[in-house]
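# Coordinates in review
Given next are the chains, with one letter for each unit.
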Amino acid sequence: MKVLIVEDERKVGQFIEQALAEQSHTARLVGTCEAAREALAESSYDAVILDLGLPDGDGFDLLREWRAAGFNEPVIILSARDAVSDRIRGLNLGADDFLSKPFSLEELLARVRALLRRQGGAKATVLEHGGVRLDLLARSVAVDGRPVELTSREFALLELFLQNRGRVLTRTLIAERIWEAHYDMETNLIDVYVRRLRQKLGATDDKPLIRTVRGTGYQFT
Ligand code: CA
């Protein structure tokens, strides 16, 4: 399990980071809104533990941005602000849970586990966006109801895009996830695959589906 901890009180953050590591989880600790934005834009996490009072902004704003961008990582707010109005605001903005400081580490870990169990049970088997529908169980893809034949690598690439909608996926990340160790970064194979995927999905200039981010990679919009 991979957890992003957004916490500016270094001691608190390291305490959580260490506890997660002891349970064989991977944790990444960031202390500012800017670092949190970058972390979540470049990778997906199984859960996010989010503080509200951060030196360069408010955790509520981060949460609002993430949800608006389609990021659906489960978020637990961990804050000293525990008025009922704060809790309601957090949940309304799309937080999955709210724990007030001071907190018990045991309780935090139990809540993270509970959240992941719930997520696991409700994990989507159909990914859908912009008329594109990918069924993970049936291994089928349709665009506006019309079936589209994809090779297994094209399917994996589309799944990666749909799972990370709104996120700029770098060529390196795409290569690692789809080709694993077998990709030669000197080639333009990824671009060839993306072009073919666009064609098969019927992308047009008006509706490009997969946006090229010059010099970086691609973004499913
Ligand atoms: Ca804080």
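Residues numbered from 1 in each chain as written. Predicted model: local features only at pLDDT ≥ 70, side-chain atom pairs only at ≥ 80, totals over all residues. Heavy atoms only, no water.

Position of Glu-128 among the secondary structure elements: in strand E8 (residues 126–129). With 34 residues separating them in the primary sequence, Glu-128 and Leu-162 have C-alpha atoms 7.3 Å apart. Not counting the four nearest positions on each side in its chain, Glu-128 is found in contact with Arg-133 and Leu-162. (Helix = DSSP H or I, 4+ residues; strand = E, 2+ residues; numbered from the N terminus. Contact = heavy atoms within 4.5 Å.)

We now examine the sheet that holds strand E10 (residues 140–143). Read from one edge of the open sheet, four strands run E8-E9-E10-E11, paired in antiparallel fashion. Sheet topology places E8 and strand E11 (146–148) at the edges, where each strand pairs with a single neighbour. Averaged over all pairs of adjacent strands, the angle between strand axes in this sheet comes to 20 degrees, irrespective of strand direction. As paired strands, strand E9 (residues 132–135) and E10 are joined by four bridges and run antiparallel to one another. Its bridge partner being in E10, Arg-133 is matched across the sheet by Ala-142. Each of E8, E9 and E10 touches helix H6 (residues 152–163); the most contacted strand, E9, lies at about 110 degrees to it. (Pairing = 2+ DSSP bridges. Axes fitted to C-alpha atoms, helices over the stretch in contact; angles between N-to-C directions.)

Parsing the protein into structural domains produces domain 1 (2–121) and domain 2 (126–220). Spacing between the C-alpha centres of domain 1 and domain 2 amounts to 29 Å. Contacts between the two partners involve nine residues from domain 1 and, on the opposite side, six residues from domain 2. In terms of surface lost to domain 2, no three residues of domain 1 exceed Ala-41, Ser-44 and Phe-71, which account for 50% of the buried area on that side. Applying the counting rule to domain 1 against domain 2 returns one salt bridge. When the residues that make up the side of domain 1 that touches domain 2 are grouped by side-chain class, the tally is four nonpolar, three polar and two charged. (Domains from an automatic or database assignment. Buried area = accessible area lost by both parts, 1.4 Å probe. Salt bridge = Lys/Arg side-chain N within 4 Å of Asp/Glu carboxyl O. Nonpolar A, V, L, I, M, F, W, Y, C, P; charged D, E, K, R; others polar.)

Another point: the pattern of salt bridges. Under the counting rule described, the total for this entry stands at 15 salt bridges. Asp-61 is paired through a salt bridge with Arg-64; the nearest N and O atoms lie 2.9 Å apart. Of the two residues, Asp-61 and Arg-64 both sit in helix H3 (residues 59–68), three residues apart, roughly one turn of that helix. Notably, a salt bridge pairs Asp-191 with Arg-171, separated by 2.7 Å at the nearest N-O pair. Note that Asp-191 is positioned in helix H8 (residues 189–200) and Arg-171 in helix H7 (residues 171–179), a separation of 20 residues in sequence. A single network of salt bridges, built from pairs that share partners, joins Glu-7, Glu-9, Asp-51 and Lys-101.

Contact geometry for H6 and H7: axes closest at 10 Å, N-to-C directions at 130 degrees. Classified by the interaxial angle, the pair formed by H6 and H7 is oblique. Relative to H7, H6 is oriented so that their crossing is right-handed. Contact with H6, carried on its side by Arg-153, Ala-156, Leu-157, Leu-160 and Phe-161, involves Leu-173, Ile-174, Arg-177, Ile-178 and Trp-179 of H7 and no other residues of that element. By residue class, the composition of the contact of H6 with H7 is eight nonpolar, no polar and two charged. (Parallel < 35°, antiparallel > 145°, perpendicular 65-115°, else oblique. Left-handed = near helix turned anticlockwise from the far one by under 90°.)

The antiparallel open sheet is built from three strands, whose spatial order is E12-E14-E13. The open sheet has two edge strands with one neighbour each: strand E12 (168–170) and strand E13 (210–213). Between one strand axis and the next, the sheet turns through 30 degrees on average, direction left out of account. Inspection of the sheet shows E12 paired to strand E14 (residues 217–220) by three bridges, in the antiparallel sense. Within the sheet, the bridge partner assigned to Leu-169 lies in E14 and is Tyr-218. Along the sheet, H7 contacts E12 and E14; its crossing angle with E12, the most-contacted strand, is approximately 70 degrees.

What follows deals with unusual backbone geometry. At the junction of Lys-101 and Pro-102, the peptide bond is cis and its omega measures out at -5 degrees in the coordinates. For Pro-102, the location among the structural elements is in the loop between strand E7 (97–100) and helix H5 (105–121). Backbone geometry at Arg-139 places phi at a positive 55 degrees, although glycine is not the residue there. Within the secondary structure, Arg-139 is located in the loop between E9 and E10. Backbone geometry at Asp-144 places phi at a positive 50 degrees, although glycine is not the residue there. Mapped onto the fold, Asp-144 is located in the loop between E10 and E11.

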